[in-house]
There are 2 protein chains.
Amino acid sequence: MSTIGKALTLLDTISRLEKEAGLSDIARHCGLDKATTRRFLVELEKHGFVEQDPETRRYRLGGAPVRLARIRETRFPYLSVATPFARELASLAGETVHLSEYAAGRLSTVHVEDSQRAHRVIVDVGSILPFHATASGLGFLAFCPPKDIDAVLSAPLEAFTDQTLTDPAILRQTLSETLRRGYSICHHGLETGVVSVAAPIRAPGSTPVGAIAVAAPATRAEKETVEQMGRAAMTAARRISERLFGLEQVAADPLARRAG
Amino acid sequence: MSTIGKALTLLDTISRLEKEAGLSDIARHCGLDKATTRRFLVELEKHGFVEQDPETRRYRLGGAPVRLARIRETRFPYLSVATPFARELASLAGETVHLSEYAAGRLSTVHVEDSQRAHRVIVDVGSILPFHATASGLGFLAFCPPKDIDAVLSAPLEAFTDQTLTDPAILRQTLSETLRRGYSICHHGLETGVVSVAAPIRAPGSTPVGAIAVAAPATRAEKETVEQMGRAAMTAARRISERLFGLEQVAADPLARRAG
DNA sequence: TCTTTCGGTTCAATATATGAACCTTAGCTT
DNA sequence: AAGCTAAGGTTCATATATTGAACCGAAAGA
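Residues numbered from 1 in each chain as written. Chains lettered and ligands numbered in written order. Predicted model: local features only at pLDDT ≥ 70, side-chain atom pairs only at ≥ 80, totals over all residues. Heavy atoms only, no water.

Student: Account for the sheet that holds strand β7 (residues 194-202) of chain B, with residues named and values stated.
Tutor: Working definition: the strands of a sheet are paired by backbone hydrogen bonds and lie parallel or antiparallel to each other. All names here are of chain B. Strand order in the open sheet formed by six strands is β5-β4-β3-β8-β7-β6, and the pairing between neighbours is antiparallel. Each edge of the open sheet carries a strand with a single partner, namely β5 (128-129) and β6 (184-187). As defined by bridge partners, β6 adjoins β7 across four bridges and the pair is classed as antiparallel. Counterpart to I185 in the pairing with β7 is V197. Packing of helix α5 (residues 78-93) onto the sheet brings it into contact with β3 (96-103), β4 (106-113), β7 and β8 (208-217), and relative to β3 it is tilted by some 150 degrees. (Pairing = 2+ DSSP bridges. Helix = DSSP H or I, 4+ residues; strand = E, 2+ residues; numbered from the N terminus. Contact = heavy atoms within 4.5 Å. Axes fitted to C-alpha atoms, helices over the stretch in contact; angles between N-to-C directions.)

Structure representation (structure tokens):
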């Protein structure tokens, strides 16, 4: 792997640590030499991607990504467009809603609207959503071209619970159901006791860019409730997609839709 | 410079381009060889820091920084804490307000609340604020330790307008006034016709982490108005700082402030 | 006190990055 | 339509940056 790749992997590792970590800790997590780790950290720090606490000497995520994220957001306002719909969906469903975005071959959680209930599903911002074991992943993948599906299903599929689907044939069937239905359903895929539904956010006829999902405790997931949540997620996803891609088309080609 | 440094500089360059750019364009902007540029872009793309448009083959900022930024924001909620105060300040002052964060030796704009007026100052999210030529920069620097001030003032200082202060002696005086006053004032430092005021966001007795600034057209910047805006910015900065660092102390040491 | 582990550094060995030259395609000029 | 230019992308010998075992001093545990 190239040096850049290693450094960015290190950054990713840091982002996944619960809290600030020391040099040796980070080196161990990344499987890198301490000297190498240090040089990477120093370089990343120079550019603001990590920070070192001057007292504890531990390292944490820096401020540079914030600037980049804000720039991206002004050009492709995924969060600012989707968040209000996520909030609406959360209050409608009374359950935790999360938004994910596809980047670097992975689907990662970029926003969470917590349910107001005491008993609710907790989703961490920044967590990676496996394609085969989450509603978001299935809802996303179902609308991808066959080669992407093949790529995911031909890799080893981890069983996170004893009910995680790992058989490619069954998953293919689940995906085609999802495609037909318009939203995905996932029972206990990543964590036992959680049922979730999701729908992809996408330009018409194009690969999805992310997904919106509702996650509920299984005790509140009657068949009919799940269907309601699924349809609501699908509607939210469609409205977000229209706002993101419909308007962009207007901006790019004003004649396409006058007075839209 | 290390390969990592070069790659991150390239990423920074891309973030600064107005719009998506082609390979040769990017190579020229970075002063790198086309082959090198390409390898960097491929590597950055693998990790989601840049995206390539499959049609135009142009490159743009990717989604990975969004995930990192959200993680950082959950650990250090700078934007979510500061934004409401910025909005309040913007409506109070009736002028554009912007928030900046210090990272990688630079102060960069991470949020903007636009003034409602037709005639207003425009600030771009992601723009870099020079320390000597903006209210944010001066307000930040004034509260930094002397060695940081020396470092900035000993480097060449660009004159962005014919009124930009570039004389280190005068700047030192401006900084000490700012320190005494609690907020900075900058007349036509970066752009002619703009007057701005700013105050640093900081833990007590510690180096600032950013600044909040109000920017107004010079035609609306009477001496008294400027003072009012300055005091308002200072108040906003103080309240943001308390929320950020006051609460953190409580969390770290619950006995320090019971029933806060 | 002794031991271990920490953050951080050094330098010879070596793996990696580099860029001139190249290819192919797309658009423009003549 | 041929000819030209510049685009994106690739190759491979060369040059350079990366690597990691061994090292240091400090600090935390035993």
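Student: Describe the confidence of the model for chain A, and please don't skip the residues or the numbers.
Tutor: All names here are of chain A. With 95% of its residues at a pLDDT of 70 or more, chain A shows a mean pLDDT of 91. Considering each helix and strand of chain A separately, the mean pLDDT is smallest for helix α9 (residues 223-252), with a value of 85, and largest for helix α6 (residues 135-141), with 98. Under a pLDDT of 50 for its full length, residues 248-260 has, in the predicted model, five contacts with residues more than four places off or in other chains. (pLDDT = per-residue confidence, 0-100.)

Student: Explain helix α8 (residues 168-181) of chain B to me, and be specific about the residues and the numbers.
Tutor: All names here are of chain B. For α8, spanning 14 residues, the distance from its first C-alpha to its last is 20 Å, which sits close to the expected 20 Å at 1.5 Å a residue. Looking only at α8, the buried set comprises L171, T174, L175 and T178. End-on, the buried residues of α8 take up no more than an arc of 100 degrees, which puts them together on one face. Opposite the buried face of α8, at more than 90 degrees from it, the exposed residues are A169, Q173 and R180. The N-cap residue of α8 is D167: its side-chain oxygen and the backbone nitrogen of A169 are 2.8 Å apart. Of the residues flanking the end of α8, it is G182, one or two places downstream, whose phi is positive at about 100 degrees. (Expected span 1.5 Å × (residues − 1). Buried < 20%, exposed > 50% of the residue type's maximum accessible area, 1.4 Å probe, protein only. Arc of directions from axis to C-beta. Polar contact = N/O pair within 3.5 Å; in protein donor to acceptor, adjacent residues only side chain to side chain.)

Student: Go over the relation of the copies chain A and chain B with me, naming the residues and quoting the values.
Tutor: Screw-axis analysis of chain A against chain B gives a translation of 0.0 Å along the axis, an RMSD of 0.0 Å, and a rotation angle of 180 degrees. Read as a symmetry element, the transformation amounts to a two-fold axis. The fraction of interface residues of chain A whose copies in chain B are also interface residues reaches 100%, indicating that both copies meet through the same surface. (Least-squares fit on C-alpha atoms with pLDDT ≥ 70 in both.)

Student: Talk me through the sheet that holds strand β6 (residues 184-187) of chain A; I want residue IDs and the actual numbers.
Tutor: Pairing within the open sheet is antiparallel, and its six strands lie in the order β5-β4-β3-β8-β7-β6 (chain A). Each edge of the open sheet is held by one strand with a lone partner, namely β5 (128-129) and β6 of chain A. Sheet topology note: the strand β3 (residues 96-103) of chain A/strand β8 (residues 210-217) of chain A ladder contains six bridges and is antiparallel. The residue of β8 of chain A that forms the bridge with E101 of chain A is G210 of chain A. Sheet strands touched by helix α4 (residues 64-75) of chain B: β3, β4 (106-113) and β5 of chain A. Its angle to β4 of chain A, the strand with the most contacts, is close to 40 degrees.

Student: I'd like a description of the interface of chain A and chain B, backed by residues and values.
Tutor: The partner chain B presents 49 residues to the 48 residues of chain A that form the contact. Buried area between chain A and chain B, summed over both chains or domains, comes out near 4,100 Å², and the portion from carbon and sulfur atoms is 65%. The largest per-residue losses of area from chain A upon contact with chain B belong to I4, R67 and R72 of chain A, which jointly make up 18% of the total buried on that side. The interface formed by chain A and chain B includes four salt bridges. (Buried area = accessible area lost by both parts, 1.4 Å probe. Salt bridge = Lys/Arg side-chain N within 4 Å of Asp/Glu carboxyl O.)

Student: Tell me about the domain arrangement of chain A, residues and numbers included.
Tutor: Each assigned domain of chain A is listed here: domain 1 (3-66) and domain 2 (76-252). Just the C-alpha atoms count here: the centres of domain 1 of chain A and domain 2 of chain A sit 31 Å apart. (Domains from an automatic or database assignment.)

Student: Tell me about the protein's contact with DNA strand C, and please be specific about residues and values.
Tutor: In the neighbourhood of DNA strand C, 19 residues make up the surrounding shell, with S24, K34 and R38 of chain A together with K6 and D33 of chain B lying closest. K34 of chain A places a polar side-chain atom, nitrogen or oxygen, 2.6 Å from a base oxygen of DNA strand C. Between DNA strand C and Y59 of chain A there is a distance of 2.6 Å, counted from a phosphate oxygen to a side-chain nitrogen or oxygen. Listing elements by their share of the surface near DNA strand C, those giving two or more residues are α2 (23-30) and α3 (34-46) of chain A together with α1 (3-16) and α3 (34-46) of chain B. The element best represented in the surface near DNA strand C is α3 of chain B, accounting for four residues. (Near = heavy atom within 4 Å.)

Student: Summarise the side chain of E95 of chain B; cite the residues concerned and give the values.
Tutor: Looking at the element boundaries, E95 of chain B is found in the loop between α5 and β3. The contacts of E95 of chain B, once residues within four sequence positions are left out, are A90, E113, S115, R117, V214, A215, A216, P217, R220 and M229 of chain B.

Student: Hey, could you go over the protein's contact with DNA strand D for me, with residue numbers and the actual values?
Tutor: Lining the immediate environment of DNA strand D, one finds 19 residues, of which K6 and D33 of chain A together with S24, K34 and R38 of chain B sit closest. Backbone atoms, meaning sugar plus phosphate, form 63% of the atoms of DNA strand D positioned within 4 Å of the protein. Note that a phosphate oxygen of DNA strand D is positioned 2.6 Å from one of the side-chain N or O atoms of K6 of chain A. In the environment of DNA strand D, a phosphate oxygen lies 2.8 Å from a nitrogen or oxygen atom belonging to the side chain of Y59 of chain B. Among the elements of the structure, α1 (3-16) and α3 of chain A together with α2 (23-30) and α3 of chain B are those that each provide at least two residues to the surface near DNA strand D. In terms of residue count, α3 of chain A provides more of the surface near DNA strand D than any other element does, four residues in total. Grouping the amino acids of the surface near DNA strand D by side-chain chemistry returns five nonpolar, seven polar and seven charged. (Nonpolar A, V, L, I, M, F, W, Y, C, P; charged D, E, K, R; others polar.)

Student: Provide a residue-level description of the pattern of salt bridges, including the pertinent values.
Tutor: Enumeration over the complete set of coordinates arrives at 36 salt bridges over all chains. Two residues, R60 of chain A and D53 of chain A, come together in a salt bridge whose shortest N-O distance is 3.1 Å. Residue R60 of chain A is classed as partly exposed on the basis of its relative accessible area, which comes to 25%. Judged by relative accessible area, which is 16%, D53 of chain A ranks as buried. One network of salt bridges, in which partners are shared, links E20, E51, D53 and R60 of chain A together with R72 and E101 of chain B.

Student: An account of the nonpolar core is requested, with residue identities and associated values reported.
Tutor: Soluble globular proteins tend to bury their nonpolar side chains together. One finds L99 and I212 of chain A together with L99 and I212 of chain B to be the most contacted residues of the largest nonpolar core, which totals 69 residues. In this structure, Y59 and I71 of chain A together with Y59 and I71 of chain B belong to the second largest nonpolar core, which totals 38 residues. (Core = buried A, V, L, I, M, F, W, Y, C linked by side-chain atoms within 4.5 Å.)

Student: Can you tell me about the packing of aromatic side chains, naming the residues and giving the values?
Tutor: Here the structure, examined in full by the defined rule, presents eleven aromatic pairs over all chains. For the pair Y102 of chain B and F131 of chain B, a centre-to-centre distance of 6.4 Å together with 45 degrees between the ring planes defines the contact as tilted. Of this pair, Y102 of chain B sits in strand β3 while F131 of chain B sits in the loop between β5 and α6 (135-141), and the two are 29 residues apart along the sequence. On the numbers, 5.9 Å between centres and 35 degrees between planes, the contact of F131 of chain B with F140 of chain B is tilted. Taking the relative accessible area as the measure of exposure, F131 of chain B reaches 14% and is therefore buried. Linked through ring pairs, F76, Y78 and F245 of chain A together constitute an aromatic cluster. (Phe/Tyr/Trp six-rings, centres within 6.5 Å; stacked < 30°, edge-to-face > 60°.)

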